[in-house]
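Architecture at a glance
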Amino acid sequence: MADAEHVPQSTGRAKPPLPQQTATPATGRQGQDADCMGCRMMGGLFGVGGSLYLASALLQSPAPAGAHRAGIVLASGMMFAFGVARALL
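Let us look at the overall build of the chain. Looking only at helices and strands, the chain features two helices and zero strands. Counting all 89 residues of the chain, 11% fall into the buried class. For the chain, long-range pairs separated by at least 24 residues make up 51% of all intrachain contacts whose partners lie at least 6 apart in sequence. When the accessible area of the chain is evaluated, it comes to approximately 7,300 Å², of which 67% is carbon and sulfur surface.

In structure tokens:
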């Protein structure tokens, strides 16, 4: 007999459905890349909260000055921007 005749017969079970590749309305991303709303909210809160924590160092006595102050402002601003971007994008 040829190999083509030894094809296994169907077991009668339905195959599981393939995951749908629909875009999420908020981001337009598809499939595995799409995040749930809770993930975006927690990521955004982490970024914004972390930036506020870093900025609280500016309230110390004596206040940081010079490059130290600039570094805190820069790091805090970047973390805030990343948190907002994470929440919205």
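Resuming the write-up.
Right, let's talk about unusual backbone geometry for a bit. Note that the residue after Ser61, namely Pro62, is joined by a cis bond; omega there is 0 degrees. Following the sequence through the fold, Pro62 ends up in the loop between α1 (37–55) and α2 (67–88).

With that settled, consider α2. For an α-helix, the turn length of 3.6 residues means that residues three or four places apart are oriented alike. A rise of 1.5 Å per residue sets the reference length of α2, with its 22 residues, at 32 Å; its end C-alpha atoms lie 31 Å apart and thus fit the reference within 8%. Taken residue by residue, α2 has Ile72, Ser76 and Gly83 as its buried positions. Buried residues in α2, looked at end-on, bunch into an arc of 30 degrees, giving them a common side. Residues of α2 that are exposed and point over 90 degrees away from its buried face: Ala67, Leu74, Phe82 and Leu88. Of the surrounding secondary structure, the elements contacted by the buried residues of α2 are α1.

Look at α1: 27 Å from first C-alpha to last across 19 residues, which is about the 27 Å you get at 1.5 Å a residue. Within α1, burial applies to Arg40, Gly44, Gly47, Gly50 and Ser51. Summarising the axial view, the buried residues of α1 lie within an arc of 130 degrees, below the 170-degree limit, and thus occupy one face. Exposed residues lying more than 90 degrees from the buried face of α1 are Met37, Met42, Leu45, Phe46, Leu52 and Tyr53. Packed against the buried residues of α1 are α2.

For Ser51, the location among the structural elements is in helix α1. Setting aside anything within four residues of it in sequence, one finds Ser51 in contact with Ser76, Met79 and Phe80.

Turning to the packing of α1 against α2, a few remarks are in order. The geometry of α1 relative to α2 is characterised by a closest axis approach of 7 Å and an angle of 165 degrees between their N-to-C directions. Put simply, α1 runs roughly antiparallel to α2. Of the two possible hands of crossing, α1 and α2 adopt the one that is left-handed. Each of Cys39, Arg40, Gly43, Gly44, Phe46, Gly47, Val48, Gly50, Ser51, Leu54 and Ala55 in α1 lies in contact with α2, whose residues at this interface are Ile72, Ala75, Ser76, Met79, Phe80, Gly83, Val84, Arg86 and Ala87. Classifying every residue of the contact of α1 with α2 gives eleven nonpolar, seven polar and two charged.

Cut-off values and rules
- Residues numbered from 1 in each chain as written.
- Predicted model: local features only at pLDDT ≥ 70, side-chain atom pairs only at ≥ 80, totals over all residues.
- Heavy atoms only, no water.
- Helix = DSSP H or I, 4+ residues; strand = E, 2+ residues; numbered from the N terminus.
- Buried < 20%, exposed > 50% of the residue type's maximum accessible area, 1.4 Å probe, protein only.
- Contact = heavy atoms within 4.5 Å.
- Areas by Shrake-Rupley, 256 points an atom, 1.4 Å probe, with all protein chains shown as cover.
- Expected span 1.5 Å × (residues − 1).
- Arc of directions from axis to C-beta.
- Axes fitted to C-alpha atoms, helices over the stretch in contact; angles between N-to-C directions.
- Parallel < 35°, antiparallel > 145°, perpendicular 65-115°, else oblique.
- Left-handed = near helix turned anticlockwise from the far one by under 90°.
- Nonpolar A, V, L, I, M, F, W, Y, C, P; charged D, E, K, R; others polar.

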